[in-house]
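Chains, contacts and geometry: an overview
The residues making up each chain are set out below.
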Amino acid sequence: MSKEAHDRRRTLRVLGTSVAAVALFATAGCSASSDSGSGDGDVVLEFAQWWEPELPDGAFRELMDEFEAENPGITVELLSGPYASTKEQLFAGAAAGTMSDVVGLDGAWVSDFANQGAIADLTELMGESDYDDSELASQIQVDGATYMIPVVNFVYPMFTNDDLLAQAGVAAAPTNRTEFTAAANAVAGLGEDTSGWILPLSLEAPNGIQNDVMSWVWATGGSMLDDDGQPDVTNSDVTSAVEYVKGLWDDGAIAPGAFTMKEQDKVEEFTNGRVGMMIDSLAHINLIRESNPDLNFSISALPADDGFDGERGIPYASWGIGVADSSEHKAEAFKLVEFLMSEKTNSKLSSIANAFPGNTESVPDFVAEDELFATAFEIYQNGYPANEFTGLPVAEQLMRLFDEQFQVLLDGGQSVDEMLEKTQEAWLAEF
Amino acid sequence: MTTTTISRTRQRMTKKVLVILGLLAGAAFAGFPVLWMLAISFKSNTEIFEYPPRLVTESFSFDAYVTILTDPEKVRFFVNSYVVSLSVTAFTLVVAILAAYAFSRFEFRFKRPLNMIIVSVQAVPPITLLIPYFGLMVTLGLYNTYPGLILTYMVFTLPYAIIMMTGYFNTLPRELDEAVRVDGAGSMTALWRILVPISVPGIVSVGVYTFMIAWNEYLFALTLTKTQDMRTVPIGIQLLMGQHSYEWNEMMAMSILGSVPVLILFLFFQRYFIGGLTSGSVKS
Amino acid sequence: MMITTTTTLTESAEPSAPPPTPTPMQGPARRRRLGHPGEPYAFIAPTAVLMLVLMIVPIVLVIGYSFMDNVITKKNPEFVGIENFVEVLTDGVFATALGNTLFFTIVSVVAHLLLGLGFSMLLNSPLVSRASRAVFRVIYILPWLFTAAVIAVLWRMLLNPNGVVNYLLSSDVEWLSSPSLALGAVTFINIWAGYPFFMISLLAGLQGIPADLYEAATVDGANGWQRFRNVTLPQLRPIIISMTLLDLIWTSQQFALIWMTTGGGPIHVTEMLSTFTYKLAFSRYEFALASTSAVIILLLSMVLAFFYVRHQRARD
């Protein structure tokens, strides 16, 4: 009894002491964190992005150090977050007026942030600083003004597991839909654990619609929009692509688990040799090599419709850059944009990111050094970058709406025509 | 006489076997996924998705742990998480015990509306509060500070802690503390000297849970901080889930590392679950 | 902290008087004179201030948004009355989400309660040695220790068509991707992740049950089940009610786990009120509609809160 009482009193004392200690901690932390920036009257640019953790350790900081050396008086503070949450963070920041001066953007968000008035009109900033934009590969515009500049682009060619294809008796990577179907079914027929193609349709990150479904439309030079930029998913290009994918699904050529699969899962399955073909970002080449050095794979252009010989669109995703409208240092912020888009920096960044440069003059090292990347660069130059979702309002929601209807279709709940009509209707409501 | 003893012993044995079987089944249910997590943390990223899956592979290594523990930025995440979670636990307990005492032992005018508010505010999806809340924290100058995070989590954990502590206090006979007050001691004395000491098991369980909520929260931790030196473990883990690929083994290793100290803490506090109350101390 | 004076009539003040030596009650008249009338408010004050500033203010803002159009995304939102409520309530997906949330929540909470009760009884069993109970306790709280993102990722991996679970069962089921199984699968994951909350609280509650109650019951000839029904359950009742209420509210807004395993899919089979609301805010940029949805959820839970408070009053 008395021991227990003693114990309890001791616990209380411990509790009290820890409260006091913690209070001290908290105050210390408060004062430590309140001295932001340097006291020299320098401009501190906040740069919010998800790129730093994606790149080799310290590589992005090095580029920023170069920028600081070239621009005395400007310091760059890198604020890095996880990619999946970047959009919400920017949104909250914009609402509270605390958005970072320079922000990393995805093409799918541009229209929303521009309409919100969160990001600045870059056309205006270019004019103010007499910037020559002729070297820029592309600019993402909303209502005629540029709001985002793609810094580097990740293109999505077709990856093939050459050993699996050979085993299935397929000699060369398919170049058209008929060959692709034959190859996919042949690989799927190899055994329980192998599939011909892999299709991520997760509704959490519905970009599979952009990269793995719409890519079939673009590869044949088609479009999901009409001439005025309005939705037109019931046209023959989209219909034939959707019918085609549905055909592969019904053949059982597609890997299981598609409805909740994400891009990362797709790559893991391919890397482990269970999938014959996938459409995927070049950013993964090194990852696949590191993870499975024995995997014999190559890349080629996306198969087009039989007999198509026009220019093929290649889907891509960008790391884009924009400037916060609320920034007090827009001129300095634009200097950072200029720096990242300069031939030299852009070459370097695209080299470390394994991406294609946003500056037409830049050439990343890996194109000369690496056969696979050289092939990819060739494919890239023979076609044109295609991503019709970029710059559309609520682009991610559009993919999600399409995805939902598409899942109903694959699940046997509706016909292709019904699916496309419903999607068209849902899309029109968002425009 | 002897036969009844034997049958009773046999009955006891059967019971014991059943209890142990039940415990083992539960342990498999609870522990297997975590065992798998542990296995992943020792694998290379390639082997994680191999089929058929194996628990232990050739490339067994502590690399993931070494990578995390030698990265000062990641170690800082752990420090931040401890500072924040321990503070939240301590402050929440004190504030909640006071409030729970009032709810459990007093009648006052706004008792029911207050109770109702405390219960129902928890139901607002945090994601919708995010934006107005963020604006508020910026206005109050608490953005990117420890106090900002600590106060935020206190607001999240207080309703729970108050409801649970009220529940525990309600299980204790009123006569116990009223007797002391009748003897002339103040309410504070009755609370801290009588109620709190016998509620230690309840307090520990509320404390552990408060700690876990603060430790595992992600969304507000990310939104209310901006620099790496303020960020917590869940953000560190999510930073390993990249746009294109995940660092599976490091992610799992970081989760395991985060859980070990909590387990130790739990082991330490366990005696309060075992000891309990002697039958004499709460007789009324 | 704030209250130091109390007015009592008894002269013999002995502030530090442990251990408790209960004196027989001297009638209700005595009770009324205890304490200053303002005392409970002082005890509540710290909580009230915190909740008012950091919880009520944002909630009031959200309620305000729910009557506006295009908040946050436009500079000058307009007042639109109950238009948003009509739009959300007539959205077919909202009904689906409500139904799924009910299923998910009720099944999860019942399972949490049963598992929590079962496990805590096992862990408290005197038939097993102290040391092994300690080991089991540690194993049993494991699901608690991880952030939702990790739990989601881990289970995605386990339930992958080429994952461990299918390997162990020699099956090839698409646990999370099949429209007929997905809701059950996410509910199962949530059950796994959430039962330790009940278990720990009940374990703590079990320690508070006076042993002589069991002794008395045994003397009266009660068997194990009768002792459980007539002693254990009634004694744990206040804790069980509080926890069930909390768990109902928390489970009904579980977001991260569902979002990161299925994203509300396939199609809408795991769509919950939380994922529905999230998509309104961050996929459609309709923050006003998201606020409306939040207010509806708040109103629904007020019903729960009302019953809880009434129950408390009835017990007093």
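Residues numbered from 1 in each chain as written. Chains lettered and ligands numbered in written order. Predicted model: local features only at pLDDT ≥ 70, side-chain atom pairs only at ≥ 80, totals over all residues.

Our focus in this paragraph is the overall build of chain B. Counting its regular elements, chain B contains 13 helices and zero strands. Against the 2.2 N^0.38 benchmark of 19 Å for 284 residues, chain B shows a C-alpha radius of gyration of 24 Å, more extended than a compact globule. Dimensions of chain B along its principal axes, counting C-alpha atoms only, are 75 × 65 × 30 Å. Expressed as a percentage of the 284 residues in chain B, the buried residues total 58%. Within chain B, contacts between residues at least 6 apart in sequence are counted, and of these 75% link residues at least 24 apart. (Helix = DSSP H or I, 4+ residues; strand = E, 2+ residues; numbered from the N terminus. Rg over C-alpha atoms; globule rule 2.2 N^0.38 Å. Buried ≥ 20, exposed ≤ 12 C-beta atoms within 10 Å, placed from the backbone. Contact = placed C-beta atoms within 7 Å.)

Assigned secondary structure in chain C consists of 13 helices and zero strands. From first element to last, N terminus to C terminus, chain C shows the α and β order α-α-α-α-α-α-α-α-α-α-α-α-α. Out of the 316 residues belonging to chain C, those deemed buried represent 50%. Across chain C, every contact between residues at least 6 apart in sequence was considered, and the portion connecting residues at least 24 apart equals 68%.

Take unusual backbone geometry next. In this model, Tyr51 of chain B is joined to Pro52 of chain B through a cis peptide bond whose omega is 0°. Within the secondary structure layout, Pro52 of chain B lies in the loop between helix H1 (2–41) and helix H2 (63–69). The phi dihedral of Val394 of chain A is positive, around 35°, even though this residue is not glycine. Its place among the elements puts Val394 of chain A in the loop between strand E13 (384–385) and helix H17 (395–410). On the neighbour-count criterion, Val394 of chain A (21 C-beta atoms within 10 Å) is buried.

Moving on to the domain arrangement of chain B. All names here are of chain B. By domain assignment, chain B separates into domain 1 (2–41) and domain 2 (64–283). On a C-alpha basis, the centroid separation for the pair domain 1 and domain 2 is 32 Å. By residue class, the composition of the side of domain 1 that touches domain 2 is three nonpolar, one polar and no charged. (Domains from an automatic or database assignment. Nonpolar A, V, L, I, M, F, W, Y, C, P; charged D, E, K, R; others polar.)

Once that is clear, we can look at the interface of chain B and chain C. Facing the 98 residues of chain B at the interface are 107 residues of chain C. The biggest single contributor to the side of chain B that touches chain C is H1 of chain B, with 14 residues. Here the side of chain B that touches chain C is composed, by residue class, of 64 nonpolar, 25 polar and nine charged.

In this model, chain B carries a mean pLDDT of 85, and residues with pLDDT of at least 70 account for 94%. Mean pLDDT values for the elements of chain B range from 58 in helix H13 (residues 271–275) of chain B up to 94 in helix H3 (residues 72–105) of chain B. (pLDDT = per-residue confidence, 0-100.)

Three- or four-residue spacings in an α-helix give side chains the same orientation, since the helix completes a turn every 3.6 residues. Residues and elements named next belong to chain A. With 12 residues, helix H16 (residues 371–382) extends 17 Å from end C-alpha to end C-alpha; this agrees with the ideal 16 Å at 1.5 Å per step. Here H16 has its buried residues at Phe373, Ala376 and Tyr380. The arc that holds every buried residue of H16, seen down its axis, measures 55°, which confines them to one face. Away from its buried face, by an angle of more than 90 degrees, H16 presents the exposed residues Glu371, Glu378, Gln381 and Asn382. In the core, the buried residues of H16 are packed alongside strand E5 (145–155), helix H12 (285–291), strand E9 (297–300), strand E10 (313–314), strand E12 (356–357) and helix H15 (365–369). (Expected span 1.5 Å × (residues − 1). Arc of directions from axis to C-beta.)

Another aspect to go through is the sheet that holds strand E6 (residues 158–161) of chain A. All names here are of chain A. Strand order in this open sheet of four strands is E7-E8-E6-E9, and the pairing throughout is mixed. Every interior strand has two partners, whereas the edge strands, strand E7 (195–197) and E9, have only one. With strand direction ignored, the average angle separating the axes of adjacent strands in the sheet is 20°. (Pairing = 2+ DSSP bridges. Axes fitted to C-alpha atoms, helices over the stretch in contact; angles between N-to-C directions.)

Another point: the interface of chain A and chain C. If you look at the interface, chain A gives 27 residues, while chain C gives 26 residues. For the side of chain A that touches chain C, the secondary structure elements donating two or more residues are helix H4 (83–96), helix H5 (110–116) and H17 of chain A. Per-element accounting of the side of chain A that touches chain C gives the leading share, six residues, to H17 of chain A. Each residue belonging to the side of chain A that touches chain C can be placed in one class, and the counts come to nine nonpolar, eight polar and 10 charged.

All right, on to the pairing of strand E1 (residues 43–49) of chain A then. Residue and element names in this part refer to chain A. For E1, the tally of buried residues reaches five of seven residues, placing the bulk of the element in the interior. As judged from the seven bridges shared by E1 and strand E2 (residues 74–80), these two strands associate in the parallel manner. If you follow Val43 over to E2, its bridge partner there is Ile74. When E1 meets strand E3 (residues 102–105), the two strands line up parallel, connected through two bridges. In the strand pairing of E3, Ala48 is matched with Val103.

Here we take up the environment of Glu425 of chain A. Among the structural elements, Glu425 of chain A can be located in helix H18 (residues 416–430). The spatial distance from the C-alpha of Glu425 of chain A to the C-alpha of Glu204 of chain A is 22 Å, given a sequence separation of 221 residues.

If you look at the biggest cluster of nonpolar residues, it comprises 313 residues, and the most contacted ones within it are Leu336 and Val337 of chain A, Ala96, Ala99, Ile162 and Met165 of chain B together with Ile151 of chain C. Those residues in contact with Ala96 of chain B, other than ones at most four positions away along the chain, are Leu158, Ala161, Ile162 and Met165 of chain B. (Core = buried A, V, L, I, M, F, W, Y, C linked by C-beta atoms within 7 Å.)

This part covers the packing of helix H9 (residues 211–219) of chain C against helix H10 (residues 224–252) of chain C. Residue and element names in this part refer to chain C. Between H9 and H10, the shortest axis-to-axis distance is 10 Å and the interhelical angle comes to 140°. By the angle between their directions, the pair H9 and H10 is classed as oblique. Crossing of H9 against H10: the hand is right-handed. Mapping the contact onto sequence places Leu213, Tyr214 and Ala217 in H9 and Arg227, Asn230 and Val231 in H10. A class-by-class count of the residues in the contact of H9 with H10 yields four nonpolar, one polar and one charged. (Parallel < 35°, antiparallel > 145°, perpendicular 65-115°, else oblique. Left-handed = near helix turned anticlockwise from the far one by under 90°.)

What follows deals with the environment of Asn76 of chain C. All names here are of chain C. Following the sequence through the fold, Asn76 ends up in the loop between helix H2 (39–65) and helix H3 (83–90). By C-beta crowding, Asn76 is classed as exposed, having 7 other C-beta atoms within 10 Å. Separated by 190 residues in the primary sequence, Asn76 and Pro266 place their C-alpha atoms 37 Å from one another.

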